[in-house]
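In case you want the letters, here they are:
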Amino acid sequence: MDKFRIKGGRKLNGRVQISGAKNSALPCMAAALLTAESVTLHNVPYVRDIITQGRLLEDLGAQVLRPELRTHKITASNIEIFEAPYELVKTMRASVLALGPLLARFGKAKVSLPGGCAIGSRPIDLHLEALKHLGAQVGLEAGYIVARAPQRGRLQGGEVNFDKVTVTGTENLMMAATLAEGRTVLNNAAREPEVADLAELLNRMGARVRGAGSPQITVEGIESLGGAEHTIIPDRIETGTFLCAAAITNGDLELTSCRPEHSAIVISKLREAGVEIEEVNQSTLRVRCCQGALKARDIVTEPHPRFPTDMQAQYMALMTQAAGTSRITETIFENRFMHASEMQRMGADISISGNTATVTGASVLTGARVQASDLRASASLVLAGLVAEGETVIERVYHIDRGYEKIEAKLNAVGAEIERVRDSVTSQLPPPAEIGVL
Ligand code: UD1
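Note that this is a predicted model, so its numbers are computed, not measured. (Residues numbered from 1 in each chain as written. Predicted model: local features only at pLDDT ≥ 70, side-chain atom pairs only at ≥ 80, totals over all residues. Heavy atoms only, no water.)

**Q** How would you sum up helix 4 (residues 99-106)? Please name residues and give values.
**A** Within helix 4, six of the eight residues are buried, which leaves the element mostly enclosed by the surrounding structure. Looking only at helix 4, the buried set comprises Leu99, Gly100, Pro101, Leu102, Leu103 and Ala104. Directly beyond the C-terminal end of helix 4, a positive phi value near 80° is found at glycine 107. (Buried < 20%, exposed > 50% of the residue type's maximum accessible area, 1.4 Å probe, protein only. Helix = DSSP H or I, 4+ residues; strand = E, 2+ residues; numbered from the N terminus.)

Written out as structure tokens, the structure is:
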């Protein structure tokens, strides 16, 4: 398994280009299953989850072409298999996004239950309950969800009230409803920008989706969808991670190709904490932080537009360098503090009680051997390593490769010193030469 070896203490300075959003590209790729025509997606990040999603689509019978590194042309004219197998779903939960489109277009789908993951139990009961409101019959067979459309093979529009906000649940239902008979209304829908991006693609394919980005989404079902071309929005979590990277190293970075409005809450929290962030233009942010300027500020993770759970770990790394005590409360996932114990090993002062972590800073972090436990936790350990004295070795960086496009290359280009120690057996992403200029 690849490792990162980080020499800490370097200030970051320069320009970083933000990649496309993984969490938007994944549902958009699944949406290609809704039509026999080609769907072309640009600005798709080159990360492992995207490769996994491409494999799933190919296994189902779709053709996935990559005319350019970050462009995918997906043609699902020949779907013969209707199953997302356990082997894939257990490595990437977002493969459940195949459920809605398969059920809507072919009237049947079989998707493995995801089981547990590092950050909690993460059930899909809300997806299934909602699909039942569209007339689907849903059963469980040997660890698989087996879903069928009603007798005439077509889902029926209906009203869905999500008990809890679910991002992929909203996306699954929105996709399913596009081909249902009649109108579907989704209440308490997720408002994440990735949901709105998916709706934009669906509408380009001919769907009639209104209200995406608000808590109520209305979909008028139609008989069939066509092909479309769409550019994926920038990754707001990568943007937030680089904002924290500049701040934690007292650096000065310009982030290009981003969408500041999607990161509004993170920007405002970081400003409160003493970070200078300037909106240079609609797609560029400049972030600076002076030595000793960081102040402790509390956060609570909540669905968009509140503070994202996917930025909680990186914010915790930053707070280890802030003067005072901050409280970080995680309300989305029940077990998402695994990075805290690794940071403690580096010298951070963090105590956990229930779903709240109390961080007292500023601590002098020292390099240590630490383990990445999930995607965003790994990013937080990279941030801690950037500021730690001496050398930090992060093991299991395959987690970070799931969702960050060449994070070490991007950081090294602005002054970091991170070496990837490759394991030739388990490393599956092509070597850097094939990845091209970032
Ligand atoms: C998506 C994101 C992930 C992010 C998360 C929360 C993608 C591919 N992943 O994950 O990066 O951390 O949103 O912003 O977009 N829940 C249920 N039953 C369900 C579905 C969800 O109880 O059927 C619970 C979950 O366990 C969790 C909460 O609802 O506590 C929110 O989860 P959800 O929004 O569904 O997360 P994902 O869509 O899996």
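Now, onward.
**Q** Run through the side chain of threonine 284, naming residues and quoting values.
**A** For threonine 284, the position within the fold is in strand 17 (residues 284-288). Leaving out residues up to four positions away in the same chain, threonine 284 has contacts with Glu254, Leu255, Thr256, Cys258, Glu278 and Glu279. (Contact = heavy atoms within 4.5 Å.)

**Q** Give a description of the pattern of salt bridges that names residues and reports values.
**A** Counting across every chain of the model gives 29 salt bridges. The partner of glutamate 417 in a salt bridge is lysine 7, with the nearest N and O atoms 3.9 Å apart. Taken together, the positions of glutamate 417 in strand 24 (residues 417-421) and lysine 7 in strand 1 (residues 3-7) put the pair 410 residues apart, joining distant regions of the chain. Residue class for lysine 7 comes out partly exposed when judged on its relative accessible area of 39%. What emerges from the salt-bridge pattern is a single network uniting Asp2, Asp401, Lys406, Glu408, Arg420 and Arg422. (Salt bridge = Lys/Arg side-chain N within 4 Å of Asp/Glu carboxyl O.)

**Q** With reference to specific residues and values, describe the domain arrangement of the chain.
**A** Taken domain by domain, the chain consists of domain 1 (3-19 + 234-432) and domain 2 (22-231). For domain 1 versus domain 2, the distance between C-alpha centres works out to 30 Å. Every contact between the two is made by 27 residues of domain 1 and, on the other side, 23 residues of domain 2. In this structure, arginine 402 engages aspartate 49 in a salt bridge whose closest nitrogen and oxygen atoms are separated by 2.9 Å. At the junction of domain 1 with domain 2, the criterion picks out seven residue pairs in polar contact (both at pLDDT 80 or more). (Domains from an automatic or database assignment. Polar contact = N/O pair within 3.5 Å; in protein donor to acceptor, adjacent residues only side chain to side chain.)

**Q** A description of the nonpolar core should follow, citing residues and the corresponding values.
**A** Within the largest apolar cluster, 76 residues are counted, with the highest numbers of intra-cluster contacts made by Leu34, Leu41, Leu155, Met174, Leu202 and Met205. Sequence-distant contacts of leucine 41, that is, excluding residues within four places in its chain, are made with Cys28, Met29, Arg70, Thr71, His72, Ile74, Leu201, His230 and Ile232. The next biggest cluster of nonpolar side chains, apart from the first, holds 66 residues, and it includes Ile18, Val266, Val275 and Leu411. (Core = buried A, V, L, I, M, F, W, Y, C linked by side-chain atoms within 4.5 Å.)

**Q** Run through helix 6 (residues 167-178), naming residues and quoting values.
**A** For helix 6, with 12 residues, the first-to-last C-alpha span of 17 Å sits near the 16 Å given by 1.5 Å per residue. Across the 12 residues that make up helix 6, a large majority, 11, are buried. Looking only at helix 6, the buried set comprises Thr168, Gly169, Thr170, Glu171, Asn172, Leu173, Met174, Met175, Ala176, Ala177 and Thr178. Residue threonine 166 occupies the N-cap position of helix 6, its side-chain oxygen lying 3.0 Å from the main-chain nitrogen of glycine 169. (Expected span 1.5 Å × (residues − 1).)

**Q** Requested: an account of the site of the ligand, with residues and values cited.
**A** As a matter of local geometry, the ligand sits amid 19 residues, with Arg93, Thr166, Thr168, Asp310 and Ile332 nearest to it. Within the contact set of the ligand, an oxygen atom lies 2.7 Å away from a backbone nitrogen or oxygen of leucine 126. Contact distances for the ligand include 2.7 Å between an oxygen atom and a side-chain N or O atom of threonine 166. Secondary structure elements with two or more residues in the shell around the ligand: helix 5 (125-133) and helix 6. It is helix 5 that provides the largest number of residues to the shell around the ligand, a total of three residues. Looking at side-chain class alone, the shell around the ligand contains eight nonpolar, five polar and six charged residues. Both domains that furnish three or more residues to the shell around the ligand are identified here as domain 1 (3-19 + 234-432) and domain 2 (22-231). (Near = heavy atom within 4 Å. Nonpolar A, V, L, I, M, F, W, Y, C, P; charged D, E, K, R; others polar.)

**Q** So what's going on with the packing of helix 8 (residues 236-248) against helix 10 (residues 312-319)? Residues and values would help.
**A** Their axes nearest at 10 Å, the elements helix 8 and helix 10 cross at an angle of 5°. As far as their axial angle goes, helix 10 and helix 8 are roughly parallel. When helix 8 is examined against helix 10, the residues Ile237, Thr241, Cys244, Ala247 and Ile248 are found in contact with a partner set consisting of Gln314, Ala317 and Leu318. Looking at the contact of helix 8 with helix 10 residue by residue, the classes come out as six nonpolar, two polar and no charged. (Axes fitted to C-alpha atoms, helices over the stretch in contact; angles between N-to-C directions. Parallel < 35°, antiparallel > 145°, perpendicular 65-115°, else oblique.)

**Q** Tell me about the sheet that holds strand 17, residues and numbers included.
**A** Ordered by their spatial adjacency, four strands build an open sheet running 2-15-17-16, and the pairing between neighbours is mixed. This sheet does not close on itself; its edge strands, each paired only once, are strand 2 (13-17) and strand 16 (276-281). Adjacent strand axes in the sheet meet at a mean angle of 20° when their direction is disregarded. With five bridges connecting them, strand 16 and strand 17 associate as antiparallel partners. Note that in strand 17 the partner of isoleucine 277 across the bridge is valine 287. (Pairing = 2+ DSSP bridges.)

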